[in-house]
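Here is how the chains run, residue by residue.
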Amino acid sequence: MKVVELLRNDGKPNVSYEIVPPKRGGSVSDILDIIEQLMPYEPPFVDVTSHSAQIYYEEQQDGSWRRHIKRKRPGTLGLCAAIKGRFGIETVPHLLCKGFTREESEDALIELNYLGIQNVMALRGDDSGFKKPVIGDRTRNEYAVDLVRQISAMNSGHFLEELIDAAPTDFCVGVAGYPEKHFEAPNINWDISNLKTKIDAGAEYVTTQMFFDNKAFIDFESRCRQAGLTAPIIPGLKVLTSKRQLQTLPSRFYMQIPEELASEIEAAREEDVPEIGIRWAIKQCEELVSEGFSNLHFYIIQTPQHVSKVVKELRKRA
Ligand code: FAD
C-alpha cells in the first residue's frame with residue numbers, strides 16, 4: 001500500500017518510524033530487533049534512511065575527471081525488502097540526489113519496483129563532496145525536485161533511455177519539509193515555495209524535520225496551506241535522551257529546543273533526561289493529535305525503548 005493510503009485522521013495516534021541502516025560491519029539483525037520491538041504498536045510504515053557514498057573527483061591531465069568512491073554506506077534497499085518480507089509492513093527507502101547519478105537512481109527505483117516497494121522519500125541529501133555536476137554521460141539531480149521529476153517520469157513510463165518492456169512504475173513519493181526553515185533558505189516562505197514545487201512535480205506527502213516546539217509546526221502547516229499546498233504533512237518528532245543533544249541536535253538539524261525543555265534538562269541529572277524527553281514527547285503528541293494531526297513520525301536512530309514508552313502511553317490514553 002502507499003503511504004498516503006495508510007494515513008488516518010480518526011483522532012488516534014498513527015505512528016510511523018525512521019531507522020538508520022547499520023554501518024558496514026554492523027548487524028542487520030539489530031535493526032530487525034528494533035522493528036520487532038515496535039510491531040506491537042502497529043506502525044503503518046517504516047522509513048529507512050540513505051547515506052551517500054563519500055565521493056571525490058580527480059582532474060586528469062587531459063582535463064577529464066575521474067570519479068573515486070572513498071566509503072560506501074549500503075543497506076537501504078535490502079533492509080526495506082527484509083523488513084517488508086519479515087514483518088509485512090510497508091517500508092519507505094530514502095533516495096538521495098547527492099552522491100548518486102540519475103542512472104544509479106533509476107537502477108535503484110527499478111530494483112524497488114521489482115521488490116514490490118511502492119513508496120520512496122526523495123531527498124537532496126547533504127554535501128558529500130560530489131562536486132562535478134556532469135561527468136561524461138552521467139548526470140545527477142541537483143535538488144530533490146529533480147529527483148521527484150525523474151520518479152514522476154518513470155511513473156508515466158519515461159525512463160532515461162528507451163527501454164524494451166519497461167512498464168510504468170507506480171511510486172508514492174514523499175519529500176522533506178522544515179518547520180523552522182531549511183538552513184540554506186533565505187526565509188521560510190521561499191523554502192515553502194520550493195516545497196510546493198516538489199508537490200507540484202508529483203510528490204504526494206511531506207514529512208518534516210524534527211521539532212520540539214509544536215507552535216513552529218502549526219505555523220508552518222498553516223503557511224503551507226496558505227501557499228496552496230494541500231498534500232498531507234506528517235510531523236517529525238524525536239525523544240530527547242541526553243544533555244549532549246541540547247547542542248548536537250540544533251547544530252546538526254538546524255532546529256531550536258524550547259527554553260522550557262532545555263532548562264529542565266540542564267538542571268536534571270543525566271540519568272533523568274530520558275524521562276523528561278519522554279514526558280515532553282507525550283505532551284507534544286497529545287497536543288498535535290488534538291489539533292488534528294493524528295499521523296506522527298518518530299526518528300529513532302538506534303534505540304527504540306524511549307519511543308516505545310511514548311507510543312505505549314499514547315495508546316493507553318487514546
Ligand atoms: P531540497 O528540497 O532540494 O532543498 C534544499 C534547499 O534548496 C532548500 O533550502 C530549498 O529551499 C532550496 N531549493 C530547493 N529547490 C531549489 C531551486 N530550484 N533553486 C534554489 N534553491 C532551491 N539526509 C540524508 O542524507 N539521508 C536521509 O535519509 C535523510 N532523510 C531525511 C528525512 C527527512 C524527513 C528530512 C526532513 C531530512 C532528511 N535528510 C536526509 C536531510 C536532507 O537530505 C537535508 O536536509 C538536505 O540538506 C535537504 O534535502 P531536501 O530534500 O529538503 O532538499
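Structure: above.
A brief report on the enclosed structure follows. (Residues numbered from 1 in each chain as written. Predicted model: local features only at pLDDT ≥ 70, side-chain atom pairs only at ≥ 80, totals over all residues. Heavy atoms only, no water.)

**Considerations on the overall build of the protein chain**
Here is step 1 of the chain: Looking only at helices and strands, the protein chain has eleven helices and twelve strands in total.
Here is step 2 of the chain: Radius of gyration (C-alpha) of the protein chain: 20 Å, near the 20 Å computed for a compact globule of 318 residues.
Here is step 3 of the chain: Summarising its shape, the C-alpha atoms of the protein chain cover approximately 60 × 45 × 40 Å along the three principal directions.
Here is step 4 of the chain: Within the span of the protein chain, comprising 318 residues, buried residues form 50% of the whole.
Here is step 5 of the chain: Within the protein chain, contacts between residues separated by at least 24 positions form 76% of all contacts whose residues are at least 6 apart in sequence.
Here is step 6 of the chain: A total of about 15600 Å² of accessible surface is found on the protein chain, and carbon and sulfur atoms cover 48% of it.
Here is step 7 of the chain: A distance of 3 Å separates the average location of the 39 positive side-chain charges in the protein chain from that of its 46 negative side-chain charges. (Helix = DSSP H or I, 4+ residues; strand = E, 2+ residues; numbered from the N terminus. Rg over C-alpha atoms; globule rule 2.2 N^0.38 Å. Buried < 20%, exposed > 50% of the residue type's maximum accessible area, 1.4 Å probe, protein only. Contact = heavy atoms within 4.5 Å. Areas by Shrake-Rupley, 256 points an atom, 1.4 Å probe, with all protein chains shown as cover. Lys, Arg positive; Asp, Glu negative; His and termini not counted. Charge placed at Lys NZ, Arg CZ, Asp CG, Glu CD.)

**Concerning the site of the ligand**
Here is step 1 of the chain: Taken together, 24 residues are adjacent to the ligand, and Ser 50, Asp 126, Tyr 178, Asp 191 and Lys 198 come closest.
Here is step 2 of the chain: Between a nitrogen atom of the ligand and a main-chain N or O atom of Ser 50, the distance comes to 2.7 Å.
Here is step 3 of the chain: Between the ligand and the protein, one listed contact pairs an oxygen atom with a side-chain N or O atom of Asp 126 at 2.6 Å.
Here is step 4 of the chain: Surface burial for the ligand is 86%, taken as the share of its 990 Å² of free accessible area covered by protein chains.
Here is step 5 of the chain: Secondary structure elements with two or more residues in the shell around the ligand: β5 (90-96), β6 (119-123), α6 (188-200) and β10 (205-210).
Here is step 6 of the chain: At four residues, α6 tops the list of elements feeding residues into the shell around the ligand. (Near = heavy atom within 4 Å. Polar contact = N/O pair within 3.5 Å; in protein donor to acceptor, adjacent residues only side chain to side chain.)

**A closer look at the packing of aromatic side chains**
Here is step 1 of the chain: A complete count under the given rule lists three aromatic pairs for this structure.
Here is step 2 of the chain: A ring pair is formed by Phe 183 and Tyr 254, whose centres lie 4.1 Å apart and whose planes are at 10 degrees; its orientation type is stacked. Of this pair, Phe 183 sits in the loop between β9 (172-177) and α6 while Tyr 254 sits in the loop between α8 (245-253) and α9 (259-267), placing them 71 residues apart in sequence.
Here is step 3 of the chain: We classify Phe 183 as partly exposed; its relative accessible area is 36%.
Here is step 4 of the chain: Centre to centre, the rings of Phe 217 and Phe 293 are 4.9 Å apart; their planes meet at 85 degrees, and the pair counts as edge-to-face. With Phe 217 in helix α7 (residues 214-226) and Phe 293 in the loop between α10 (273-290) and β12 (295-301), this pair connects stretches of sequence that are 76 residues apart. You'll find Phe 217 and Phe 293 in the same group, each marked buried.
Here is step 5 of the chain: Members of the aromatic cluster, joined through ring pairs, are Phe 211, Phe 217 and Phe 293.
Here is step 6 of the chain: Over the ring of Trp 280 we find Lys 283; its NZ or CZ atom is 4.3 Å from the centre of that ring. (Phe/Tyr/Trp six-rings, centres within 6.5 Å; stacked < 30°, edge-to-face > 60°. Lys NZ or Arg CZ within 6 Å of the ring centre and 35° of its normal.)

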